[in-house]
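# Results of the structural survey
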Amino acid sequence: MMKFRFRRQGTDPQREKIKQELFAFNKTVEHGFPHQPSALAFDPKLQLMAIGTKSGAIKVYGAPGVEFTGLHQDTIAVTQIHFLPAQGSLLSLLDDNTIHLWELVARAPREVGGVKKEGGLSMQEVGSYSLPGRPGIESCSATRVTVLLLLRSCNLLCIGTEGGGVYFLELPSLSLRDCQTLLQDQITQISPVLLYSGGMPRASYGDRHCLTIQQGKEHVTLDFTSRVIDFFTVHSTEQENEFDEPPALVVLLEEELVVIDLQTPGWPSLPTPYLAPLHSSAITCSFHVSSVPPKLWERLVNAGKAQQGRQHIHKSWPICGGKNLAPPAKQQELLLTGHEDGTVRFWDASGVALTPLYKLSTANVFHTDCDPYDNPQDPGDDQDVQQEEEWPPFRKVGCFDPYSDDPRLGIQKINLCKYSNKLVVAGTAGQVIVLGLNDERSDHLVDVLVVDLLQDREGFTWKGHDRLEPRPKPAPFTPGFQPLVLVQCLPPASVTAVALQAEWNLIAFGTSHGFGLFDYHRRNAVLARCTLHPNDSLAMEGPLSRVKSLKKSLRQSFRRIRKSRVSGKKRAVTTPTSKVQEANAALAEQEDIAPVQRRIEPRSADDSLSGVVRCLCFADTFLRDSTNHGPTLWAGTNSGSVYAYALEVPGVGIGRVCERGGAGEGSVCVEAVLGKEIQLMHRAPVVSISVLDGRGKPLPDPYEASQDLAIAPDMTNAHSVLIASEEQLKVFSLPKVSAKTKFKLTAHEGCRVRKVALVVFNSAVQEDYSEHTLVCLTNLGDMHLFTMPSLRPQVRYDCIRKEDISGIASCVFTKNGQGFYLISPSEYERFSLSAKIFTEPFCCVHLNRLSEHTPASDGSIAQPQANGTHKSQMGQAEGQTEEPQGILSSPILDTPLDSPLSCADLTLDTTGEITVEDVREFLATVDEAENNLKNIQEEEGRSSGILIN
């Protein structure tokens, strides 16, 4: 086969301009609860709340959508925060005994994607101060700050120290009044008034985190599931009011924020529009839905309100400072998260505030030790929560509950069809549940069908966990998504891939043993295909197995070593003829492999877990011949195998000539026939499979073409299939399955593919111009963008640290060029690859400062945000005219990935799709990855080319 190498002569200025209008990388906002909070403050005049963390971050929140973030230069815990009321300024005390002054300041307009955006508000540090040591005392503990008291005039700060002294600091200049310093012997001892949480007898209640509320005869002791950091009451600052009459109590806990309604009898908790604990149970997977139909959105909102209780429907959020200036979202977006306890949570991801909408529990489908529908709601959401009949009167509050009653309930895969309201949820014990949306409560028995993926293959014995037992009697299901049928895979291994085709009433699912096809309308198992290799003994043990043999692993390792030594000895004995053959082979290799490519060794077919199904895909395309198209199912495995099945679906493709006897138009059941089987050369795991129409664009989702919700696919020209493996991207023509073009990502860039998505990018300048682009996330944490179907590289962005395996595994893309990934167990980082579409804060705050002063820092220096990110926070500062210097929130075209929370020993409570291979590969190839990055930087200046076979 002849090989031609085409190189571009320079760059095309017109194409470079189009790329600037389409692509721009920004990390925009952090969703969720701040990791490791350590301080809390509230401004009653501006109605703003501030939270400090152990990593040195400060996050300010107001009304939903009003957010500001800043980060101290050093990774030091924030111990105290104090607002200067009504001034948009706050003081922070760090664990290193330094005091810092922050302000909300205006920012100059910036240019994004060729379009100038308005200036906004950002948090800026304007000064810092550290107390000097007392003369004659070597220890610094005497001047260690313990108390900060701000006078009502906001021009003087009183500082109490551990040594008993009191110092006075002028604001905003942060200058010390030496003449007024009071030492310990000058202070008169008085009896203080203390407000505190806790106070329980340690012997009986030492393991509880409590806060007590008393008013007259009413007495409630709130019992939380994590440690109390601080609390405050939201109260009025009007002097004409005789009493404060606080409407709410805000409690900052180590793992969540709880707000108590003090004006409603019983003091119930209020649902939070933001800062919800994403990790109330560890996140195991996620799924994003864009452009949600209004009817589905309304039904989900109503189902969520029914879960919260009637008393909270008309209650407004008490922290309402600032004003959100962002226009209403043009479309509603859903983020679905699967959790370790078997729940699926629906989040409103349309704006800056990630708001919980609805929670689905799958535990009541099964018979477990606990009864999940005895209390289907969160304890803090119901005012009729049962209280223990003992004194003090405890009441469980909060939804953070990291403990799972049964790890087999964990959700591994989610898929939702927004047009048919069908949801597929798959779990750790091989359970695949099909659910439908119902607005009424229902008591019914769930249909159960078992699919044996081993197909009675001999020599395999499952050593892992047992399957979950379905509930034998009808169970009550609340309004929302209710289970229709349960498909149980045998062996009960964790589900690794699912696909839903609601227009054909079909679901496909895969495990480490094989894949199956199920017709949920007719309750019929259509296909079961085993993908196990004879040496896949590890696949029979399961992720929860306790019988994994260390001896077996060592034995296999020694066998590989012995085999390599024996083969090496055999190769050492050569003859003159073999030497000539080796020389010819070496010469051929030099001709075949380009200098910029790395040699890729083929993987052995004997590798463990080679039968794991990595991806599944439905498509209406040409598989049997080039004239008749029809439903197909595609499956890719860990060993580089691709299976393509032609499907006979009643009512779909009636005009086709049926090749199988007795399965014509009147066929009752769906049938599947193996059409193609592809084996990739290097046996690299298949990450994604997508079918492209005659124009090279992805096929629309189910119902979109039939209901004129999207442009109909081109069925006149030849289709193609895009197969993305860990090592390369390759496009094959259909139905002959001949290679058209490819890009060897591992050979060129020295990295491996982890996530792939097909995204539509709209131009920020031309309203009617858009491009379909392939987005690829690698194991090094960088994003590569390619044109379709030519696979020409466009841009590359550094997004996630290569050490952050959990962040890479948890990444999920949207269809409009945005994405989410976990930066801590409780926080999602939101990013955008689009120059036009990005979600970021856009808000204003009315300030009433005593005086304006020039910031202490010079120059516009981009500093890392709370978790190693840069935010482009926008807002309108009223009455603020000067251009700020050294702001913390800045555009992030050059984003540093260092972070106080990005240390290598950070453990995330999430499984995502991390495998043993991922960890082993990371530990073994860190040095290689760094060298590859250097090579990539050196090669960026060269003209790139595409090698076509």
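Residues numbered from 1 in each chain as written. Predicted model: local features only at pLDDT ≥ 70, side-chain atom pairs only at ≥ 80, totals over all residues. Heavy atoms only, no water.

### Observations regarding the side chain of Ser-55
Going by this rule: Numbering of helices and strands starts at the N terminus; helices are DSSP runs of H or I of at least 4 residues and strands are runs of E of at least 2. For the purposes of these results, a polar contact is taken to be a pair of N or O atoms within 3.5 Å, where, inside protein, one atom must be able to donate a hydrogen and its partner to accept one; residues adjacent in sequence count only when each atom of the pair is a side-chain atom.
Note that Ser-55 resides in the loop between strand S4 (48-53) and strand S5 (57-61). A polar side-chain atom of Ser-55 sits 2.9 Å from a polar atom in the side chain of Thr-53.

### Describing the confidence of the model for the chain
The line we're drawing: The score called pLDDT rates the predictor's confidence residue by residue, from a low of 0 to a high of 100. Contacts are assigned to residue pairs that have any heavy atoms within 4.5 Å of one another.
On average, residues of the chain carry a pLDDT of 79, and 71% of them reach 70 or more. When the criterion is pLDDT under 50, residues 587-595 qualifies, and its contacts beyond four places in sequence or with other chains add up to four contacts. Within the model, the stretch residues 851-913 combines pLDDT values under 50 with 189 contacts to residues more than four positions away or in other chains.

### Quick word on the packing of aromatic side chains
Basically, it comes down to this: Working definition: a ring pair exists when centres of Phe, Tyr or Trp rings (six-membered ring for Trp) sit within 6.5 Å. Plane angles under 30 degrees give stacked, over 60 give edge-to-face, the rest tilted. Exposure is judged per residue with a 1.4 Å probe applied to protein chains only, and the accessible area is read against the type maximum: over 50% gives exposed, under 20% gives buried, and values in between give partly exposed.
One pass over the structure, following the stated rule, counts 15 aromatic pairs. Ring centres of Phe-25 and Tyr-797 lie 5.4 Å apart, and the angle between their planes is 20°; this geometry places the pair in the stacked category. Here Phe-25, found in strand S2 (residues 23-32), pairs with Tyr-797, found in strand S51 (residues 793-798); they are 772 residues apart in sequence, far enough to count as distant. We classify Tyr-797 as buried; its relative accessible area is 14%. Aromatic side chains Tyr-821 and Phe-831 sit 6.0 Å apart centroid to centroid with 45° between the ring planes, which places their arrangement in the tilted category. Residue Tyr-821 is located in strand S53 (residues 818-824), and its partner Phe-831 is located in strand S54 (residues 827-834); the two are separated by ten residues in the primary sequence.

### What to know about the environment of Asn-717
Examined against the element boundaries, Asn-717 turns out to sit in the loop between strand S44 (686-692) and strand S45 (720-725). In sequence terms Asn-717 and Gly-694 are 23 residues apart; their C-alpha atoms lie 4.5 Å from each other. Beyond its immediate sequence surroundings of up to four residues, Asn-717 is in contact with Phe-622 and Gly-694. Of the polar contacts made by the side chain of Asn-717, one reaches the side chain of Asp-714; its length is 2.8 Å.

### Quick notes on the sheet that holds strand S33 (residues 447-452)
Inclusion rule: Two strands qualify as a pair provided that DSSP identifies no fewer than 2 bridges between them. Angles here are taken between N-to-C directions and fall from 0 to 180 degrees, while the axes themselves are lines fitted to C-alpha atoms, restricted in helices to the stretch in contact.
On the basis of which strands lie adjacent, the open sheet formed by five strands has the order S29-S30-S31-S35-S33 and mixed pairing. In the strand order of this sheet, the two ends are held by strand S29 (411-417) and S33, each with one partner. Pairwise comparison of adjacent strand axes, ignoring direction, gives a mean angle of 20° for this sheet. As defined by bridge partners, strand S31 (residues 431-438) adjoins strand S35 (residues 480-490) across eight bridges and the pair is classed as antiparallel. When the sheet's bridge partners are listed, Ile-433 is paired in S35 with Leu-486.

### Re helix H1 (residues 13-22)
So the rule is basically this: An arc is given here, and it is the one of the directions from the helix axis to the C-beta atoms.
Those residues of H1 lying buried are Ile-18, Lys-19, Glu-21 and Leu-22. Buried residues of H1, seen end-on, are gathered within an arc of 160° and therefore sit on one face of the element. In H1, the exposed residues that point more than 90 degrees away from the buried face are Pro-13 and Gln-20. Each element contacted by the buried residues of H1 is listed here: S2, strand S48 (753-762), strand S49 (770-778), S51 and S54.

### Let's talk about the nonpolar core
For clarity, the threshold we go by: Remark: nonpolar core denotes a set of buried residues (Ala, Val, Leu, Ile, Met, Phe, Trp, Tyr, Cys) joined through side-chain atoms within 4.5 Å.
Ranked by size, the top nonpolar core spans 33 residues in total, and within it Leu-334, Leu-336, Phe-346, Leu-423 and Phe-481 carry the most contacts. Per-element accounting of this core gives the leading share, four residues, to helix H3 (residues 294-308). Aside from chain neighbours lying at most four places away, what touches Leu-336 is Cys-285, Ser-286, Phe-287, Val-289, Val-344, Arg-345, Phe-346, Ile-414, Leu-416 and Leu-423. Core analysis: the second largest hydrophobic core is formed by 22 residues, Phe-68, Ile-81, Leu-94 and Trp-102 among them.

### Considerations on H3
Threshold: A helix is expected to reach a length of 1.5 Å times the quantity of its residues less one.
Helix length check: H3 (15 residues) gives 21 Å between terminal C-alpha atoms against 21 Å at 1.5 Å per residue, within 8%. Within the sequence span of H3, burial applies to Leu-296, Trp-297, Arg-299, Leu-300, Ala-303, Gly-304 and Gln-307. One side of H3 holds all its buried residues, which, seen down the axis, span an arc of 165°. In H3, the exposed positions that point more than 90 degrees away from the buried face belong to Pro-294 and Lys-295.

### Some details on the pairing of strand S14 (residues 156-161)
Counting buried residues along S14, six of its six residues qualify, which places the element largely inside the surrounding structure. The side-chain alternation of S14 yields two buried faces, one formed by Leu-156, Cys-158 and Gly-160 and the other by Leu-157, Ile-159 and Thr-161. Where strand S13 (residues 145-150) and S14 come together, five bridges link them in antiparallel fashion. Directly across from Val-147, in S14, lies its bridge partner Gly-160. Linking two consecutive strands that pair antiparallel, namely S13 and S14, is a turn of five residues; a positive phi of about 65° is found at Cys-154 within it. Counted between consecutive antiparallel strands, the loop separating S14 from strand S15 (residues 166-170) contains four residues, among which Gly-164 sits at a positive phi close to 95°.

### Quick word on the sheet that holds strand S38 (residues 514-519)
What the four strands build is an open sheet, ordered S36-S37-S38-S39; its pairing is antiparallel. The open sheet terminates on both sides in strands that have one partner only, identified here as strand S36 (497-501) and strand S39 (524-530). Taken pair by pair, the neighbouring strands of this sheet meet at an average axis angle of 10°, ignoring direction. When strand S37 (residues 506-510) meets S38, the two strands line up antiparallel, connected through five bridges. Across the sheet, Ile-507 pairs through a bridge with Phe-518, a residue of S38.

### Brief notes about the pairing of strand S30 (residues 422-427)
A large share of S30 lies buried, amounting to five of its six residues. Here S29 runs beside S30; their pairing, made up of six bridges, is antiparallel. Bridging across to S30, Asn-415 finds its partner in Val-424. Hairpin connection between S29 and S30: a loop of four residues separates the two successive antiparallel strands, and Asn-421 in this loop has a positive phi of roughly 60°. Judged from the five bridges that link them, S30 and S31 form a sheet pairing that is antiparallel. Note on S31: the bridge partner recorded for Lys-422 is Gly-436. The turn joining S30 and S31, which pair antiparallel and follow one another in sequence, is formed by three residues; a positive phi near 75° is taken by Gly-430.

### As for unusual backbone geometry
Along the chain, Leu-490 connects to Pro-491 via a cis peptide bond; the corresponding omega equals -5°. The topology assignment puts Pro-491 in the loop between S35 and S36. A positive phi angle, close to 55°, is found at Gln-36, a residue other than glycine. With respect to the helices, strands and loops of the structure, Gln-36 is situated in the loop between S2 and strand S3 (37-43).

### Observations regarding the state of the cysteines
The criterion, for reference: The rule for a disulfide is simple: a pair of cysteine sulfur atoms within 2.5 Å.
The final tally for this structure, using the stated rule, is zero disulfides. Considering cysteine sulfurs only, Cys-843 is the nearest to Cys-844, which forms no disulfide, with 7.3 Å between them. The class of Cys-844 is buried, set by a relative accessible area of 2%.

### Description of the pattern of salt bridges
Under the convention used in this document: We define a salt bridge as a contact between a side-chain nitrogen of Lys or Arg and a carboxyl oxygen of Asp or Glu at a distance within 4 Å.
Under the definition given, this model contains 25 salt bridges. Of the charged contacts, one joins Glu-333 and Arg-830 as a salt bridge, the two residues approaching to 3.3 Å between their closest N and O atoms. In this pair, Glu-333 is assigned in the loop between strand S24 (323-324) and strand S25 (334-339) and Arg-830 in strand S54, connecting sequence segments 497 residues apart. With respect to burial, Glu-333 and Arg-830 carry one shared label: buried. A salt bridge links Arg-614 to Glu-726; its shortest N-O distance comes to 3.6 Å. Residue Arg-614 is located in strand S40 (residues 613-621), and its partner Glu-726 is located in the loop between S45 and strand S46 (729-733); the two are separated by 112 residues in the primary sequence. The class of Arg-614 is partly exposed, set by a relative accessible area of 27%. A single salt-bridge network, built from bridges that share partners, covers Glu-30, Lys-59 and Glu-827.

### Side note on the side chain of Ser-834
Inspection of the secondary structure assignment puts Ser-834 in strand S54. A polar atom in the side chain of Ser-834 sits 3.1 Å from the backbone nitrogen of Lys-836. From its side chain, Ser-834 meets the backbone nitrogen of Ile-837 in a polar contact 3.1 Å long. For Ser-834, the contacting residues outside a window of four places in its chain are Leu-22, Ala-24, Phe-761, Asn-762, Asn-816 and Gly-817.

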